Structures are given as C-alpha cells and as structure tokens.
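Notes for the structure review
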Amino acid sequence: MTSTNDKIDTLSKKIAEISIQQDIICNTNISEANNYYKTRQTSKGVNFARLEKGLLLFIYIHETTKSILYSEIALWDRRLCIQMIKNGDCPKLRNQCRYEHETSYRQSNICPFWYTHSCTYGTKCRFSHEFFPISNYHHYILTNTDNIVYKLIRFVRNFAGHYIDSAIKDENDLQQLHKEMVVLMVHLVHFLSPKRSNSIDHLNLFLEATTIKQLISPDSLLEELEKPYNVPKIFLESTLNFNTHWYRHGTNKCSVDFSQMSTQFITHFNSVFIGFYEGRLKSRGAPIAWA
Ligand SMILES: [Zn+2]
Ligand SMILES: [Zn+2]
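An unreviewed UniProt entry lists the protein chain under the name C3H1-type domain-containing protein, with Rotaria sordida as the source organism.

Helix and strand content of the protein chain: eleven helices and two strands. Element order for the protein chain, N to C, with α for helix and β for strand: α-α-α-α-α-α-α-α-α-α-β-β-α. Considered along the principal axes of its C-alpha atoms, the protein chain spans approximately 70 × 55 × 45 Å. Looking at the protein chain as a whole, 25% of its 291 residues are labelled buried. Taking the contacts inside the protein chain whose residues are at least 6 apart along the sequence as the reference set, 70% of them involve residues at least 24 apart.

As a further point, take the packing of helix α2 (residues 49–76) against helix α6 (residues 144–162). Interaxial distance between α2 and α6 falls to 9 Å at its minimum, and their mutual angle equals 135°. As summarised for this structure, α2 and α6 are arranged oblique, according to the angle between their axes. Handedness of the α2/α6 crossing: left-handed. In contact with Leu-55, Phe-58, Ile-59, Ile-61, His-62, Leu-69, Ile-73 and Trp-76 of α2, α6 contributes Asn-147, Tyr-150, Ile-153, Arg-154, Val-156, Arg-157 and Ala-160. The residue makeup of the contact of α2 with α6, split by class, is eleven nonpolar, two polar and two charged.

Further remarks concern the UniProt feature "zinc finger region: C3H1-type" (unreviewed entry) in the protein chain. In this structure's numbering, the residues bearing the UniProt feature "zinc finger region: C3H1-type" (unreviewed entry) are residues 75–104 and 105–132. End C-alpha atoms of residues 75–104 are separated by 10 Å, and the span's content is 27% helix alongside 0% strand. Counting secondary structure, residues 105–132 comes out at 14% helix and 0% strand; the distance between its end C-alpha atoms is 10 Å.

For the rest of this paragraph, the subject is the nonpolar core. Ranked by size, the top nonpolar core spans 48 residues in total, and within it Leu-152, Ile-153, Val-156, Leu-184, Met-185 and Val-189 carry the most contacts. Among the secondary structure elements, those contributing two or more residues to this core are α2, α6, α7 (171–192), α8 (201–206), β1 (229–232) and α11 (263–281). Considering each element in turn, this core owes the most residues, eleven residues, to α7.

What follows deals with unusual backbone geometry. In the Ramachandran plot, Arg-78 falls in the positive-phi region, its phi being about 65° despite a non-glycine side chain. Relative to the helices and strands, Arg-78 is located in the loop between α2 and α3 (82–87). Residue class for Arg-78 comes out exposed when judged on the 12 C-beta atoms lying within 10 Å of it.

The next thing to look at is α11. For an α-helix, 3.6 residues make a turn, and residues three or four places apart therefore share a direction. Over its 19 residues, α11 runs 25 Å from end to end, which matches the ideal 27 Å to within 8%, given 1.5 Å per residue. Within α11, burial applies to Phe-265, Phe-269, Phe-273 and Phe-276. The arc enclosing the buried residues of α11, seen along the axis, measures out at 65°, which places them on a common side. Exposed residues lying more than 90 degrees from the buried face of α11 are Thr-263, Thr-267, Ser-271, Glu-278 and Gly-279. Those residues of α11 that are buried lie in contact with α2, α6, α7 and α8.

Quick look at the packing of α6 against α7 now. In helix packing, the relevant descriptors are the interaxial angle and the interaxial distance, both defined with respect to the helix axes. Where α6 meets α7, the axes come as close as 11 Å, and the angle between the chain directions of the two elements is 135°. The angle between the axes of α6 and α7 places the two elements in the oblique class. Seen along the crossing, α6 lies across α7 with a hand that is left-handed. Here Leu-152, Ile-153, Val-156 and Phe-159 of α6 lie close against α7, whose contacting residues are Met-181, Leu-184, Met-185 and Leu-188. Looking at the contact of α6 with α7 residue by residue, the classes come out as eight nonpolar, no polar and no charged.

Of note, Glu-72 is situated in helix α2. Between the alpha carbons of Glu-72 and Tyr-137 there is a distance of 8.8 Å; along the sequence they are 65 residues apart. Leave out the neighbours within four places in its chain, and Glu-72 touches His-138, Tyr-140 and Ile-141.

Structurally, Phe-235 is set in the loop between β1 and β2 (253–256). For the pair formed by Phe-235 and Lys-151, sequence separation is 84 residues and the distance between their alpha carbons is 8.1 Å.

Moving on: the environment of Pro-287. Here Pro-287 lies in the segment after α11. Sequence spacing of Pro-287 and Ile-168 is 119 residues, and the spatial spacing of their C-alpha atoms is 37 Å.

Rules used throughout
- Residues numbered from 1 in each chain as written.
- Chains lettered and ligands numbered in written order.
- Predicted model: local features only at pLDDT ≥ 70, side-chain atom pairs only at ≥ 80, totals over all residues.
- Helix = DSSP H or I, 4+ residues; strand = E, 2+ residues; numbered from the N terminus.
- Buried ≥ 20, exposed ≤ 12 C-beta atoms within 10 Å, placed from the backbone.
- Contact = placed C-beta atoms within 7 Å.
- Axes fitted to C-alpha atoms, helices over the stretch in contact; angles between N-to-C directions.
- Parallel < 35°, antiparallel > 145°, perpendicular 65-115°, else oblique.
- Left-handed = near helix turned anticlockwise from the far one by under 90°.
- Nonpolar A, V, L, I, M, F, W, Y, C, P; charged D, E, K, R; others polar.
- UniProt positions renumbered as here; feature names shortened; annotations may be inferred.
- Core = buried A, V, L, I, M, F, W, Y, C linked by C-beta atoms within 7 Å.
- Expected span 1.5 Å × (residues − 1).
- Arc of directions from axis to C-beta.

What follows is the structure, encoded as structure tokens:
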C-alpha cells in the first residue's frame, strides 16, 4: 500500500513540475503583440496610418513573388492532385479532376490521407507523413515555417486590399488588430529583409519610423524579436470575409518560430526587399539599411 501511495505521490509531483515548466515556456519564450507595446500608455491608440507604409510594401512583395511561388504553394495548400504526386499521372482528365495537375513534385510513398489532413493512423501509418524529397523539386518553400510565413505575407497583402475598418464594430478589437498587424509586419520585415546586426535601420526603412517609435526601445525590440511569436490563427486562413466582424481580441493563436525558415526562402525574399528599395525608396533619398 505504502509503496503504491509513494508512487502516486512521486507521479503527482512530476505532473506538477511538468505543468510548471510549461507555464514558464509560455510566459518567457513566446512573444505576443502586446509585449511590443508594453511601454505605450493604453490611452494612446495605434491608428491605421501606422500600417499604411508597410501595407504598400507587402502588396509589392506578394505581387512580385506569387507567380514564382505558385506551384510550390499549391503543394502546401493541399490543392494538388494526389495521383499526380504519387504516380505523375491521373486517370481523370485535367478538366474533370477537382485538383490541380500542374506540378513536377513526386513522392510515391506519401500518405494521401495525411495530404488531405484526414489520416487517423498518426505515427503508426506505413506511408510518409512529410514531404520528403522536397528540395529535389522545390527551390524556395522548403520548411513548414516557410509555408506559414508565406501565408502570413498573403494575409497582409489581402488585408491591404480588402480591409474595411467600419466592419469591426468594437474599439478594443480594432486597437488590438492594428497592433497585431504592426507587430506581424515588424517580424516579416526583420526576418526577410537584409539588415545590419544589432540595428533596427531596416525596420525604419521599410516601415514608418513613427510606427517603430511607438514600440518598445530598440534594444528590447531586437531581443523580443528573437523569441517565437504568437499570431492569431485567423491570419492563416486563405479566405476571409473582410465585410464581417472577422477579428476579435483574445482570439486563438499559434506560435511561429521565424528562425526555422530555410536559407533559400530568406535569400529569395532578401532580393525582393532589395528590389523594392532600389525601385521605390532609394530615389527618395532613403539610406541603405544593410552593409
Ligand atoms: Zn487528378
Ligand atoms: Zn497516414
């Protein structure tokens, strides 16, 4: 009896330790939009003007890259025909199949149910639950983080084109949404633009200096950007109806670790940011923000 009780005691203790450890991870290692506005008085709002320069940048970035990345994104978006992936051939004609046939990606051992998010075997499945030979076929979107980051770029671009502030009826939701948008763009610019180490010049170049000034001090900002970041899950949805009250503060989030992007993805976007600088900013006298 005693030994069973002891075992239960040890077990409960261990469980308590696990949940404490998880709390610590949540509190210190994952960052949120509000952390970036810690030093700003709550009475001072973040207005839409703070977003505009960044939104124009992301229209350019998305429009410049979408056709190059189209077929790679189709794989991650699960829009491809699984027969084409498995065998390079589909018994249905192109116009009769619900899925896209334009891909060179091949993986005969892929689990078709995993591909459509419906495999129930998990780790026991005998087919592959990851895109295995991806670098043989794709050049830019090589990790799931690349895929998520590209979806976030697409979201910012759609927001730039379709956002109607009057559709969000609650002032708290509106304020939080503006903060989320600013801090998301800060992350995207920080990780995709060329930059000098220990400097925020690239943020001031591509976003507005006033927008950056409203955030925590440059040193804290650089430190905070090193942590994985929680984005609202709704930002990852491919179709959003901007005519509805689509965003609410306190909505579900998912953590993105920007350090998990592939070098290929970053290099590609570095050149797009340089293109934007050369074409739009340099002639206006904006100083370069990298070596
Ligand atoms: Zn097909
Ligand atoms: Zn499976």
